[in-house]
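Each chain, letter by letter, is given below.
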Amino acid sequence: PDIVTSLTPAGGSKVLVTRYDNHVLLWDAESRSPVKEGGLTFWPRASHVSADGSQALLLHRGAALIGLPDIALQAESHGSFDGGGSKCAAFAPEGKSQIISNYNGEVFVVAQSGKRLTANKRRLAKAAGEPQGIEVLKDSRIVLVAGSSGQVDFFSWDNQTLIGSVNTSGRRLTSVHI
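Residues numbered from 1 in each chain as written. Predicted model: local features only at pLDDT ≥ 70, side-chain atom pairs only at ≥ 80, totals over all residues. Heavy atoms only, no water.

Next up on the list: the overall build of the protein. Counting secondary structure elements, the protein contains zero helices and 17 strands. Based on the C-alpha atoms only, the size of the protein along its principal axes is roughly 45 × 35 × 30 Å. Expressed as a percentage of the 178 residues in the protein, the buried residues total 46%. At a minimum sequence separation of 6, the contacts of the protein that also span at least 24 residues come to 35%. As displayed, the protein has an accessible area near 9000 Å², and 50% of this comes from carbon and sulfur atoms. One way to put it: in the protein the 18 positive side-chain charges average out to a point 5 Å from where the 16 negative ones average out. (Helix = DSSP H or I, 4+ residues; strand = E, 2+ residues; numbered from the N terminus. Buried < 20%, exposed > 50% of the residue type's maximum accessible area, 1.4 Å probe, protein only. Contact = heavy atoms within 4.5 Å. Areas by Shrake-Rupley, 256 points an atom, 1.4 Å probe, with all protein chains shown as cover. Lys, Arg positive; Asp, Glu negative; His and termini not counted. Charge placed at Lys NZ, Arg CZ, Asp CG, Glu CD.)

What follows is the structure, encoded as structure tokens:
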């Protein structure tokens, strides 16, 4: 079956669709037709499209970076980033690196080196509970990391330090979108 694992806006009327059957599809909602479809060697569990719509991160046990609209593989990790599989991602404010969390809360800055995605040895953050989202505030250099415990942490991208937190005590956070 064609079970959808993620739907992500990809600029204009385009939507990036990932499926359990190891497929990724760039769809034009306005014309109701596919732009491009590609097969993968893994099933993406989540996806995140860059602000300019030229790239997407596909998350699985690790991560893969693809170009859009051609769905060409640009780089991928070899396994997970310090265990647990990849859960959430965002493109860094400067556009040259990515921010990826794993299921056990570790949040890493990841960079492309040739065809490989590698994580910085020092983690950016540890989410409070299972990570539920990573977002970059538009037109700023502030990164949000939201954990299932209800805590949202704000980080300065410039020095990668915690600026502050907001806690929704007693409430489970399930997602964050900016």
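Turning next to the pairing of strand β5 (residues 46–49). Here β5 shows a buried face lined by Ala46 and His48 and a second buried face lined by Ser47 and Val49. Judged from the four bridges that link them, β5 and strand β6 (residues 55–59) form a sheet pairing that is antiparallel. Paired with valine 49 across the bridge in β6 is alanine 56. The turn linking β5 back onto β6 is made up of five residues, and glycine 53 within it adopts a positive phi angle of 75 degrees. (Pairing = 2+ DSSP bridges.)

One pass over the full model with this rule turns up five salt bridges. Taking the shortest distance from any N to any O, the salt bridge between arginine 123 and glutamate 106 comes out at 3.1 Å. With arginine 123 in the loop between β12 (116–119) and β13 (125–126) and glutamate 106 in strand β11 (residues 106–113), this pair connects stretches of sequence that are 17 residues apart. Ionic pairing is found between aspartate 158 and arginine 141, a salt bridge with its closest N-O pair at 2.5 Å. Pair noted here: aspartate 158 is in the loop between β16 (151–156) and β17 (161–167) and arginine 141 is in the loop between β14 (131–136) and β15 (142–147), with a separation of 17 residues, a long-range link. Of the residues examined, aspartate 158 reaches a relative accessible area of 56% and is grouped as exposed. (Salt bridge = Lys/Arg side-chain N within 4 Å of Asp/Glu carboxyl O.)

Secondary-structure assignment places lysine 87 in strand β9 (residues 86–91). For the pair lysine 87 and threonine 18, spaced 69 residues apart in the sequence, the C-alpha separation amounts to 14 Å. Apart from the residues lying within four places of it in its own chain, the contact partners of lysine 87 are Ala46, Leu59, Ser101, Asn102, Tyr103, Glu130, Pro131 and Gln132. One polar contact links lysine 87 to glutamate 130, side chain to side chain, over a distance of 3.3 Å. (Polar contact = N/O pair within 3.5 Å; in protein donor to acceptor, adjacent residues only side chain to side chain.)

A few words on the sheet that holds β16. With antiparallel pairing, the four strands of this open sheet are ordered in space as β14-β15-β16-β17. Each edge of the open sheet carries a strand with a single partner, namely β14 and β17. Each strand axis lies, on average, 20 degrees off the axis of its neighbour in the sheet, ignoring direction. (Axes fitted to C-alpha atoms, helices over the stretch in contact; angles between N-to-C directions.)

By size, the foremost hydrophobic cluster in this structure holds 14 residues, and its most contacted members are Ile99, Val107, Leu124, Ile134, Val143 and Val145. When contributions to this core are tallied by element, the ones reaching two or more residues are β9, β11 and β15. When neighbours within four sequence positions are excluded, valine 145 is seen to be in contact with Val107, Ala125, Ala127, Gly133, Gln151, Val152, Asp153 and Phe155. (Core = buried A, V, L, I, M, F, W, Y, C linked by side-chain atoms within 4.5 Å.)

Spatially, four strands are ordered β1-β2-β3-β4 in an open sheet, and the strand pairing comes out antiparallel. Edge positions in the sheet fall to β1 (4–9) and β4 (33–39), since each has one partner strand and no second. Going from strand to strand, the sheet's axes swing by 20 degrees on average, the running direction of each strand aside. Relative to strand β2 (residues 14–19), β1 runs antiparallel, the two sharing five bridges. Among the inter-strand pairings, serine 6 is bridged to a residue of β2, identified as threonine 18.

Attention now moves to the packing of aromatic side chains. Inspection of the entire model under this criterion finds one aromatic pair. The side chain of arginine 45 reaches across the aromatic face of tryptophan 43, ending 4.4 Å from its centre. (Phe/Tyr/Trp six-rings, centres within 6.5 Å; stacked < 30°, edge-to-face > 60°. Lys NZ or Arg CZ within 6 Å of the ring centre and 35° of its normal.)

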